[in-house]
Structure formats: structure tokens, C-alpha cells
Amino acid sequence: MTLALRYVTHSEIGLVRKNNQDSGYASPRLLLIADGMGGAAAGDLASAVAVDTIRKVDAPIDGEGMLEVLAGAIHRANDRIADLVEDDYSLEGMGTTVTAMLFDGTQVALAHIGDSRAYLLRDGHLEQLTHDHSWVQSLVDDGKITEAEAAVHPHRSLLLKVINGQPANDPDLTMVDLRPGDRLMLCSDGLCGLVDDPEIEAGLSEADPDKAMAELVEAAHAEGGIDNISVIIADVIDDADSAAAAASKMVVLGAAANRKIPELETRIRPGAAIGAEDSTDLQRPPSSGQSPPADDEARYDPQPPKKGYPRRTIATLLALLLVIFAGLGAGYAWTRTQFYVGAEQDQVAIFQGLPEGLPGIGLSRVYEIQDLKVSELPVVYQEKVNATISVTDLSDARRAVAELMHTAGRCTEAPATASPTPTGSVSPTSGSKTPAQTPQPPATSPTPAKTATTSGSPPTTATPLPAPTSTPATKPGC
Ligand code: MN
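Below is a summary of the structure that appears in this document. Given the structure is predicted, the values throughout are model-derived calculations rather than measurements.

## What to know about the side chain of Ser 27
In this structure, Ser 27 sits in the loop between β2 (22-26) and β3 (30-37). You can call Ser 27 buried: its relative accessible area is 2%.

Laid out in C-alpha cells, this is it:
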């Protein structure tokens, strides 16, 4: 049986925010929500880039090949964001979630990164199809807090993984078989971060999709409407109902509908095969008014997802070398008040400075090698260390290390941490969503506590916990 999607869409600023950083796209074959972040800079740009890039794969593709196509498109979106940041460092820190579905008439391929969500309502029962890449979700997964606690956690907006131009941000990929009568829903956390699943299930159970949409948006408003709200509701119908299916036109939502994407500077990607074609890299729909020059397309030739970005790595290395040889640092006092935890060879180390420098201005050095090998940590923590862990100050860094040692089963005198729900460092409602691995410029730092503790006394049990990015574990100390 061949099925079709009949959908309704909605994207709005919400009741509090000043602009809409969500983007979305819906067509009979592709559904996509992207929730941009990056403070004042460019969250709307990041989500618009995701939509503009991923929509290029909106074409007939069958079966599990759709997964590869989506993964490739997300990879290209990530590359494009990296390139935009490289061209304009004021964009550093921008990123976006992506929840995307490609539909082939019987099933959808679902690709997901971040904390936007996809749900399936089948026979009146709501099932969440995606797993949030959020800090609080990791705490829930580890059994440290409950779902209910996660829903009101002050750091619930912090993400562990987004599309932000950095490597190793691979999406989760799954196939979902569909049946007539199924209802799919994609949304940004402006809905699902505020409205709990039972209420979403109730709203989504309203047969009329427009009424269901209205109920869901109303529910998000009732919870404060503190974030942008973007929702796609798609009913799976028998294709024979062609009139209904035809009612669903392609639509671009949110920031992607009007955000201009800067043209990239011309650059040559090493190893890019000239003229390489792939049936999955489709022409941009003619309606798009934001196409880069056609010859720029070669930069986005399909390529298998890969772990590293040689060009970025080389740029970072060059920046670091410049620092070492130029002996810079005196003029960058601020950076010396910044610390992070990372890996020095196989040793966990505290670094002073920022994980990534500015062009020509590398900004970090090893401050203190720790008596802890990265390889002694569980893999998930190895990844966190290798991606670098943000902390607010030196004592916070030491606490993060102590937590890591605890995790590694090498318990030392870790200061006891009083509560798994830190208070005071980030407002639950005002903080922008923040990709965890991204070094934050001061203006968009999610940890206002930083300034208060930079020169302060060592932490005590009364000190609020650092931002959650700093400590993968929040259990009390040893
Ligand atoms: Mn959001």
C-alpha cells in the first residue's frame, strides 16, 4: 500500500522571545524542524542553513537509503555552518538542532540531533521517536534524576550535541514503518519542553489536525510560551485520497523563510571530486531564493559522514602555532581567567584559555596535568573529555576532574556536591540554548556565575554547582 502525508504546520516566536530562531520545512516527502541557538548572533541563521541544506534531498528516495541521504545532508549542513563561522567568527557558537523525516510512501527515515522531537501517535497512544541529546536527558538515562525533575531542571536547555560546525555531531538514525491512521508530529522544545507528554497526547488526539495544532500551541502558551514554537503535524493517509494529499503544499517555516544566508567565500576543499554526482544530491528546488552560486555546489558534494575535518583541524593547529610562536597572551587577560577540562595526550588536563582560538589567536595552554588517564574513563566520558568540558573557573575545573576521577573509580577527596539541581547560575527561562561543547564568548556565556566566582574563594558546599557541562556526574562526592 502506498501512503501519503497530509500535514499542517506552525512556527511562531512565542510569547517572550524577540525573534524566531526555529526553522522548518514540510513537503509531501520531507518534514524538518530545526531549532537554532547562538544567542544574539545567529541561531536563526544556523537553523535556516540546516533547512536550506537539507531540503535539497527532498526527492523520491526509497527505503533505508533515505537514512544515508539524510545523514549526508546533515553532514553538509554542519560543514556549511563551519564554513560560515570560519568566514565570520562573530558567528562562532551558532548551532541548531535537526529533526528530519524522509518519507517514501511506506516508511520514514528519521534523523535527529539535539532536543527537538518527533512523536508518533498510533491508535491513540503517543510514542516519542527521538531521544533528546540534552544534558538533563543524560542525567535521566543515568538514573540520576527523574523525567519529572528533568522537565523543570534549570539547565534543561543545555544540549550535548547539535549541528554547530564541529566534528562528531552525527545524528541518530532510525526507520519507522507507517500505517494509515498514524499521526506524526515534529516540534521544537518550545512545545515539548514546556508541555508534558500526556498533554501532548491529548492535544494530538484531536482528530482535526488544525484543531490539534491549536490545542498544542495553546498548551505551550499556557506554560508561558517562553520559547519559539514550531510544530508539524502529519497524518498518514491512504494515497488514494489524493485530494487530501494534494492539499499539502511545500512550506518553509520560521527563520528559513526569510533569513538571508551569507555567501561563503570561495574556497577549495581538498579531495573534492570535481563533477562528482550522486542521485541523492538533488537540485535545489527552484523556489529557493537563497542559492549560493552554482559552482559553490561542488563544495557540498555528497560524501560519507566522517569524523574529522582536516581543514578545520589545520586551521586550529595554525592558530595554536601562531600563539606559541608569537607569545601572545598579555593582551588577552580575559582568556586567562577561562578554564576547561580536556585531554593532553591520554591524560586528563585542566587547560587555561579557550578550547578554540580566534583566527591567528590561539587561546589556551595546559594548566595542570591530572593524575587520570582518559582511557580509564567510560567511553562516554572519554568523548566528553576529548570534546572538552566547559567550566566556570579553576576550582570548578578541579571539581569536574574530581567527578571524573570518581567516575573512573579512583575516588579522591572530591568536594561533596550538595544537590543534583544547581540553582542560581542559569535562569531556566532566560538562558539561550547552548551547545555544550562550544566555547562561549563572554556575551553569551550561560554561566553568569563565572564573574562572581572567578576571583572568589574556593567553592564550598554552599556554592552553586557549575553549569552542567562542567560535570558529567552530579552525584555527591566520594
Ligand atoms: Mn527552542
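## Thoughts on the sheet that holds strand β13 (residues 339-344)
An order of β15-β14-β13-β16 is seen for the 4 strands of this open sheet, with the pairing classed as antiparallel. Two strands close off the open sheet at either side, each with one partner strand: β15 (364-373) and β16 (389-390). Two strands pair when backbone bridges link them, and strand β14 (residues 347-353) and β15 are joined in this way by 6 bridges, in the antiparallel orientation. Opposite Ile 350, over in β15, you have Glu 368 as the bridge partner. Relative to β13, helix α11 (residues 379-386) is tilted by about 115°, and along the sheet it contacts β13, β14 and β16.

## Here we look at the coordination of the manganese ion
Here the manganese ion is held by the protein donor atoms Asp 35 (OD), Asp 189 (OD) and Asp 227 (OD), which lie 2.1 to 2.2 Å from it. Within one chain, the residues serving as donors to the manganese ion are arranged as D-x153-D-x37-D. Residue Asp 35 is found in strand β3, and its partner Asp 189 is found in helix α5 (residues 189-192); the two are separated by 154 residues along the sequence. The buried category is assigned to Asp 35, whose relative accessible area is 2%. By relative accessible area, which is 10% here, Asp 189 ends up buried.

## Regarding the environment of Arg 117
Tracing the sequence through the fold places Arg 117 in strand β7 (residues 117-122). Classification of Arg 117 as buried rests on a relative accessible area of 13%. Each C-alpha atom, one on Arg 117 and one on Gln 128, is 7.4 Å from the other, the two residues being 11 residues apart in sequence. Setting aside residues no more than four positions away along its own chain, Arg 117 makes contact with Thr 99, Gln 128, Thr 130, Asp 132, Met 185, Leu 186, Cys 187, Cys 192 and Asp 197. At 2.7 Å, the side chain of Arg 117 and the side chain of Asp 132 are in polar contact.

## Some remarks on the pattern of salt bridges
What the rule picks out here adds up to 11 salt bridges. With its nearest N and O atoms 3.6 Å apart, the salt bridge here joins Asp 58 to Arg 29. Separated by 29 residues along the polypeptide, Asp 58 in the loop between α1 (39-54) and α2 (65-87) and Arg 29 in the loop between β2 and β3 bring together distant segments of the chain. With a closest N to O distance of 3.0 Å, Asp 44 and Arg 259 form a salt bridge. Here Asp 44 is found in helix α1, whereas its partner Arg 259 is found in the loop between β12 (251-254) and α9 (310-326), with 215 residues between them in sequence. What makes Asp 44 buried here is its relative accessible area of 14%. Each of Arg 117, Asp 132 and Asp 197 takes part in a single network of salt bridges with overlapping partners.

## Focus: the environment of Asp 227
Examined against the element boundaries, Asp 227 turns out to sit in the loop between α7 (209-222) and β11 (229-238). The exposure class of Asp 227 is buried, given its relative accessible area of 9%. The spacing of Asp 227 and Val 16 is 211 residues in sequence and 6.7 Å in space, taken between C-alpha atoms. Excluding anything up to four places from it in sequence, Asp 227 contacts Ile 13, Gly 14, Arg 17, Asp 35, Asp 189 and Gly 190. Among the polar contacts listed, one links the side chain of Asp 227 to the side chain of Arg 17, at a separation of 3.0 Å.

Definitions and cut-offs
- Throughout this description, residue numbers start from 1 for each chain and increase along the sequence as written.
- In view of the model being predicted, local features appear only for residues whose pLDDT reaches at least 70, and side-chain atom pairs are presented and counted only at 80 or more, with totals across whole chains, interfaces and linings using the full set of residues.
- Values reported for side chains reflect all heavy atoms of the structure, with hydrogen atoms and water molecules removed beforehand.
- Strands are runs of DSSP state E lasting at least 2 residues, helices are runs of H or I lasting at least 4, and numbering of each runs from the N terminus.
- For the exposure calls, accessible area comes from a 1.4 Å probe over protein chains only, and a residue counts as buried if that area is under 20% of its type's maximum, exposed if over 50%, partly exposed in between.
- Following DSSP output, two strands are said to pair if at least two bridges run between them.
- Should any heavy atoms of two residues lie within 4.5 Å, those residues are considered in contact.
- Angles run from 0 to 180 degrees between N-to-C directions of axes, and those axes are lines fitted to C-alpha atoms, restricted for helices to the stretch in contact.
- Coordinating N, O and S atoms are those within 2.8 Å of the metal (3.2 Å for Na, K and Ca), and as water is not part of the atoms, a site may appear to have fewer donors than expected.
- Two N or O atoms count as a polar contact when they lie within 3.5 Å, although within protein this holds only if one can serve as hydrogen donor and the other as acceptor, and sequence-adjacent residues are included solely when both atoms are side-chain atoms.
- By definition, a salt bridge exists where a carboxyl oxygen of Asp or Glu is found within 4 Å of a side-chain nitrogen of Lys or Arg.

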